[in-house]
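The residues making up each chain are set out below.
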Amino acid sequence: MLDRDGFRPNVGIILLNQRNQVFWGKRIRTHSWQFPQGGIDRGETPEQAMFRELHEEVGLLPPQVRVIARTRDWLRYEVPDRFIRRDARGHYKGQKQIWYLLQLLGHDWDLNLRATNHPEFDAWRWNDYWVPLDVVVEFKRGVYEMALTELARFLPRHEQRNRYLRSGMRTREHESSGQASLARTSSLLVKPGMELPPGASFDPDPQNSVPAPLEALPTLPVPKKPLDA
């Protein structure tokens, strides 16, 4: 189902945990990571499509999440020809999306990547809110930035500091905290005795998942205090 401009109606899902980190899924049998998303079927509202995709891709049901906000208007991105099936080229241009910001009310083990016979992801992780802008495929980056920016003001109050961080303007402190958070998440999910959600695997260091740290600035010598005469 395409609109007159060749864009398919679609929903995107930004799922938060209790620390306002976002769910980040690895598409099955690829090295591509992204937010959950999917097309709106004929006769569905965007919210109905969002809950269907949430269950199909992440295994969650409506009582297990809280809907915080959604984008006001459609956000569009074009798909390069090399990613479009040959029979669809010429009339399919890309996706137009309504994005939803959700908060997980349950636990990590409620996530289930094998909720259907056609899984979209084969691994998952939690990322700091703005990290996906650095690692998503290039042609989706613009719509990700628009969605994250519009929805950032609805983040629960204890993480409002995130709204001031933008792609290309991150501080060394933010990068360090992202790596520290990754290390903490990895240790929580892979320590002995703790099980992952059904059908999930955890990759603590997917390719290019965290920006490389900035090089340290040279340390200037501190002038010695002159001795009293």
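Residues numbered from 1 in each chain as written. Predicted model: local features only at pLDDT ≥ 70, side-chain atom pairs only at ≥ 80, totals over all residues. Heavy atoms only, no water.

- The chain carries the name RNA pyrophosphohydrolase in UniProt, which gives Acidovorax ebreus as its organism.
- The record held by UniProt for the chain lists under Function the comment "Accelerates the degradation of transcripts by removing pyrophosphate from the 5'-end of triphosphorylated RNA, leading to a more labile monophosphorylated state that can stimulate subsequent ribonuclease cleavage."
- Regarding the chain, the relevant UniProt record gives this comment under Sequence similarities: "Belongs to the Nudix hydrolase family. RppH subfamily." (UniProt positions renumbered as here; feature names shortened; annotations may be inferred.)

**Comments concerning the pattern of salt bridges**
Item 1. Applying the stated criterion across every chain yields a total of 8 salt bridges.
Item 2. Residues D122 and K26 are paired through a salt bridge, measuring 2.9 Å at the closest nitrogen-oxygen approach. Note that D122 is positioned in strand β8 (residues 121-127) and K26 in strand β2 (residues 22-27), a separation of 96 residues in sequence.
Item 3. According to the relative accessible area criterion, D122 is buried, its value standing at 16%.
Item 4. Among the ionic pairs, K93 bridges to E78, the shortest N-O distance being 3.5 Å. Remark: E78 occurs in strand β6 (residues 75-78) and K93 occurs in the loop between β6 and β7 (94-104); sequence separation between them is 15 residues.
Item 5. Each of D41, E44, R52, E53 and E56 takes part in salt bridges that share partners, so that together they form one network. (Salt bridge = Lys/Arg side-chain N within 4 Å of Asp/Glu carboxyl O. Helix = DSSP H or I, 4+ residues; strand = E, 2+ residues; numbered from the N terminus. Buried < 20%, exposed > 50% of the residue type's maximum accessible area, 1.4 Å probe, protein only.)

**A few points about the UniProt feature "short sequence motif: Nudix box" in the chain**
Item 1. Those residues carrying the UniProt feature "short sequence motif: Nudix box" are residues 38-59 in this numbering.
Item 2. Across residues 38-59, helical content stands at 59% and strand content at 9%; the span's end C-alpha atoms are separated by 14 Å.

**Details of the packing of aromatic side chains**
Item 1. According to the stated counting rule, one finds 11 aromatic pairs in the structure shown.
Item 2. Taking 6.1 Å as the distance between ring centres and 15° as the angle between the ring planes, the aromatic pair formed by F23 and W124 counts as stacked. Of the two residues, F23 is situated in strand β2 and W124 in strand β8; the sequence distance between them amounts to 101 residues.
Item 3. When the centroid spacing of 5.3 Å and the interplanar angle of 75° are considered together, the rings of W99 and Y144 count as edge-to-face. In this pair, W99 is assigned in strand β7 and Y144 in helix α3 (residues 138-152), connecting sequence segments 45 residues apart. The exposure classification of W99 matches that of Y144, with both residues buried.
Item 4. Three or more aromatic residues joined by ring pairs make a cluster, and in this case those are F23, F121, W124 and W126.
Item 5. Between the NZ or CZ atom of K96 and the centre of the ring of W74, over which it lies, the distance is 4.8 Å. (Phe/Tyr/Trp six-rings, centres within 6.5 Å; stacked < 30°, edge-to-face > 60°. Lys NZ or Arg CZ within 6 Å of the ring centre and 35° of its normal.)

**Thoughts on helix α1 (residues 46-58)**
Item 1. With 13 residues, α1 extends 17 Å between its outermost C-alpha atoms, agreeing within 8% with the 18 Å of an ideal straight helix rising 1.5 Å per residue.
Item 2. Buried within α1 are the following residues: A49, M50, F51, E53, L54, E57 and V58.
Item 3. Remark: G59 follows α1 within two positions and exhibits a positive phi of approximately 80°. (Expected span 1.5 Å × (residues − 1).)

**A few points about the side chain of K140**
Item 1. Relative to the assigned elements, K140 resides in helix α3.
Item 2. The side chain of K140 is buried and forms no salt bridge, while E120, the nearest opposite charge, is found at 8.9 Å.
Item 3. Residues in contact with K140, not counting those within four places in the same chain, are Q34, Q37 and Y77. (Lys, Arg positive; Asp, Glu negative; His and termini not counted. Contact = heavy atoms within 4.5 Å.)

**Thoughts on α3**
Item 1. Between the first and last C-alpha of α3 there are 21 Å, a value that for 15 residues agrees with the 21 Å anticipated at 1.5 Å per step.
Item 2. Listed as buried for α3 are K140, V143, Y144, A147, L148, L151 and A152.

**Regarding the environment of L2**
Item 1. Tracing the sequence through the fold places L2 in the segment before β1 (7-16).
Item 2. Exposure remark for L2: the relative accessible area of 36% places this residue in the partly exposed category.
Item 3. In the structure, L2 is positioned 90 residues away from Y92 in sequence and 7.4 Å away in space, judged by C-alpha atoms.
Item 4. Those residues within four positions of L2 in sequence are excluded, and the remaining contacts are F7, R8, H91 and Y92.

**Overview of the confidence of the model for the chain**
Item 1. Chain-level pLDDT for the chain is 79 on average; 68% of the residues reach the 70-or-more range.
Item 2. Within the model, the stretch residues 180-199 combines pLDDT values under 50 with 35 contacts to residues more than four positions away or in other chains. (pLDDT = per-residue confidence, 0-100.)

**Describing the pairing of β6**
Item 1. Burial along β6 is one-sided: the face carrying L75 and Y77 is buried and the face carrying R76 and E78 is not.
Item 2. In this sheet, β7 lies alongside β6 in antiparallel orientation, the contact comprising 4 bridges. Looking at β7, one finds that E78 is bridged to G94. (Pairing = 2+ DSSP bridges.)

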